[in-house]
Amino acid sequence: MAEQVKKPLKITETVLRDAHQSLIATRMSTEQMLPIVDKMDKVGYYAVECWGGATFDASLRFLKEDPWERLRKLRDGFKNTKLQMLFRGQNILGYNHYADDVVEYFVQKSIANGIDIIRIFDCFNDLRNLHTAVKAANKEKGHVQIALSYTLGDAYTLEYWTDMAKKIEEMGADSLCIKDMAGLLVPYEATKLVKALKAGTKLPIEMHTHYTSGVASMTYLKSVEAGADIIDTAMSPFAMGTSQPATEVMVETFRGTEYDTGLDQNLLAEIADYFRPMQEDALKTGLLNPKVMGVNIKTLLYQVPGGMLSNLVSQLKEANAEDKYYQVLEEIPRVRKDFGEPPLVTPSSQIVGTQAVLNVLQGERYKMVTKESKKVLSGEFGETVKPFNKEVQKKCIGDAKPITCRPADLIKPQLEEYEKEIAQWKQQDEDILSYALFPQVATEFFKYRQAQQEKVDVTAADTSNKAYPV
Ligand code: CO
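Criteria and cut-off values
- Residues numbered from 1 in each chain as written.
- Predicted model: local features only at pLDDT ≥ 70, side-chain atom pairs only at ≥ 80, totals over all residues.
- Heavy atoms only, no water.
- Core = buried A, V, L, I, M, F, W, Y, C linked by side-chain atoms within 4.5 Å.
- Buried < 20%, exposed > 50% of the residue type's maximum accessible area, 1.4 Å probe, protein only.
- Helix = DSSP H or I, 4+ residues; strand = E, 2+ residues; numbered from the N terminus.
- Contact = heavy atoms within 4.5 Å.
- Pairing = 2+ DSSP bridges.
- Axes fitted to C-alpha atoms, helices over the stretch in contact; angles between N-to-C directions.
- Phe/Tyr/Trp six-rings, centres within 6.5 Å; stacked < 30°, edge-to-face > 60°.
- Lys NZ or Arg CZ within 6 Å of the ring centre and 35° of its normal.

Grouped together as the largest cluster of nonpolar side chains are 108 residues, with contacts concentrated most on Leu 16, Met 40, Phe 87, Val 102, Phe 106, Phe 275 and Leu 437. Here this core gets seven residues from one element, more than from any other, and that element is helix H11 (residues 265–285). Excluding its chain neighbours within four sequence positions, the residues that come into contact with Met 40 are Glu 13, Val 15, Leu 16, Tyr 45, Val 48, Phe 78, Thr 81, Ile 271 and Phe 275. The next biggest cluster of nonpolar side chains, apart from the first, holds 36 residues, and it includes Leu 86, Leu 316, Phe 339 and Val 376.

Pasting the structure below:
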C-alpha cells in the first residue's frame, strides 16, 4: 500500500475577532479574552485572528478601551502563535479612503505592536486600493495576505478569480484568501474555484466563510479536498450562524486523514468551556440574538451578508417600516447592479444597504441619495467590475466628472495635521492613528481616558500600577 502523503490542514482561529464581530456586535472585551490566551497559545493554531475589522472602532466607541493596548496584551500572551488582523486596504479599519501616509503608518504600528499576518482586502476588489498597504507590510516584513472579496454575478467567472490571483501574486502577497463574507460559496463551486486558483498561482490558499446560508462546513470540506491550505474556524460557543464553522468540528472531520490538523480535542474542549458561559450570558442579555444562529437561506437568494441583514432590520425598525423588509431585500441587488455590481462587504454593504432603504422608503429610486452613494458613483471608492448605471449616475451626481485614478492619489498627506489636532490628548504615537480613523470617537475616548487617570491619581495613586483601567 502506498504511504499516505500528509498535508496537514492549518487552522486560523477567529473567536477573538470575526466570531464575536459576527455574533455579538464585536463586544468581547480584552478582559474577557486574556484569561484564555495561555491555553489558546498551546493549541497549535496556524494563527489567531484577533484584531482589525470592527474591533478597533468597537473598542474605542463601546468598550472604552484602547485597541492598541489590547493588541500589546494579546501579543504578550500569545508567545507561540501568529496574530492576524483584518485590514480594509485604503479604508484601513474605517469607512473612507485615507491618505497613503496614514495607511503606511498604520501598517507599521500594527506590526510593531504585534501583528504577524495582515489580511488586506478591498470592497470592490480594486487592487489599486491594496497597493500602499501591501508595500508597507512587505517593508515591515509582515506576512501579507491579500483577500479577494467573494461574490456572485456575471462578471465573477473562474477566469476573473484566477486572473486576480495572478495579479495578487505579482503584487507581493505571501498568501491568498477567499473571503466569503456572506456565505455564498457553495461546496461544489468551492471545488472548482480552489482547483482553478491552485493551478493559477503558487500562493497558499486560505478559505474564509460564514455559516449564514448553512453550507459553510461542506464548503470547507470540498475546499480542503481541492487543495486549500488553511481554513478559518471559531470555537464552538461562537461558531455557526453568521460566524464561522466550529473549530472542534472541522478538526474532527479531518482526523485520521491526510489533512489531519493534529490539534488536541481535549484542549479545545477546555477552551470551549471557557467561552460557553460568555455565549449564555450574551443570549440572556439579548446581545446574542438566537435568530442569527439559524440558517438564513435568504442570504443566497439576495446575496446579502448576515451582518447586513441585521443592520437592515434595525434601520427599518427606526423608520417604523419593518413591513418594507422584503421590498428592501429586493431593492439591494438592483442598487448593487446600478453601482457596478461590487461585492457587498464593509463599507460597500452599508452604502448599498442604506441606499436601498432610502429608495424604498422615499417611494422613488434615488430621490434621496447619501453622501457615500455619491462618492461611489464619483469613483471615490475605486473601480467596480462593471460600469455604473449611467442614468443613475447622472441623477445622483449630475454633471460632476467622476474620477478614474486611484482615489488616494487625490488625498494629501494627513498625519502631520492630525498630530497637531490631538496634541493635548496624545499619550502614545498610536493615538494619532486612532484619531485619523475615528476623529470624534477617538476624542471622546481620549477624554474618558484622561478622566479615568485623574480619578486614579486622586484616589488610589499609590496602589495602582496600571496607567489606566482597562
Ligand atoms: Co468574516
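The pairing of strands in a sheet comes from backbone hydrogen bonds and takes either a parallel or an antiparallel form. Taken in spatial order, the eight strands close into a barrel running S1-S2-S3-S4-S5-S6-S7-S8, and their pairing is parallel. Strand after strand, the sheet turns through a mean of 30 degrees between neighbouring axes, direction not considered. Sheet topology note: the strand S6 (residues 175–180)/strand S7 (residues 205–209) ladder contains five bridges and is parallel. Its bridge partner being in S7, Lys 179 is matched across the sheet by His 208. Where helix H9 (residues 216–225) meets the sheet, it contacts S7 and strand S8 (230–233), and its direction lies at approximately 170 degrees from that of S7.

All right, on to the packing of aromatic side chains then. Across all of its chains, the model carries 20 aromatic pairs by this definition. Here Tyr 325 and Tyr 326 contribute two aromatic rings whose centre-to-centre distance is 5.2 Å and whose plane-to-plane angle is 80 degrees, an arrangement assigned as edge-to-face. Residue class for Tyr 325 comes out buried when judged on its relative accessible area of 14%. Between Tyr 418 and Tyr 435, the aromatic rings sit 5.7 Å apart at their centres with planes inclined by 75 degrees, giving edge-to-face as the arrangement. Here the residue Tyr 418 occupies a position in helix H18 (residues 415–421), and Tyr 435 occupies one in helix H19 (residues 430–437), the gap between them amounting to 17 residues. Residues Tyr 418 and Tyr 435 agree in their burial class; the two are buried. The structure contains a cluster of three or more aromatic residues connected by ring pairs, namely Trp 51, Phe 56, Trp 68, Phe 87, Tyr 95, Phe 106 and Phe 438. The positively charged end of Arg 27 is found above the aromatic ring belonging to Phe 62, 3.8 Å away from the centroid. Above the face of the Phe 121 ring, Lys 179 is positioned so that its terminal group lies 4.6 Å from the ring centre.

We now examine unusual backbone geometry. For residues that are not glycine, phi is negative in most cases, and the peptide bond is trans in most cases. Note that the residue after Thr 346, namely Pro 347, is joined by a cis bond; omega there is 0 degrees. If you trace the backbone, Pro 347 turns up in the loop between helix H14 (325–338) and helix H15 (348–361). For Ala 25, which is not glycine, the phi dihedral falls at a positive 50 degrees. One can find Ala 25 in the loop between helix H1 (18–23) and helix H2 (30–41). When its relative accessible area of 37% is taken as the criterion, Ala 25 is described as partly exposed. Of note, the phi angle at Gln 303 is positive, near 55 degrees, even though the residue is not glycine. Position of Gln 303 relative to the elements: it lies in the loop between helix H12 (298–302) and helix H13 (306–318). Note on Gln 303: relative accessible area 23%, which makes it partly exposed.

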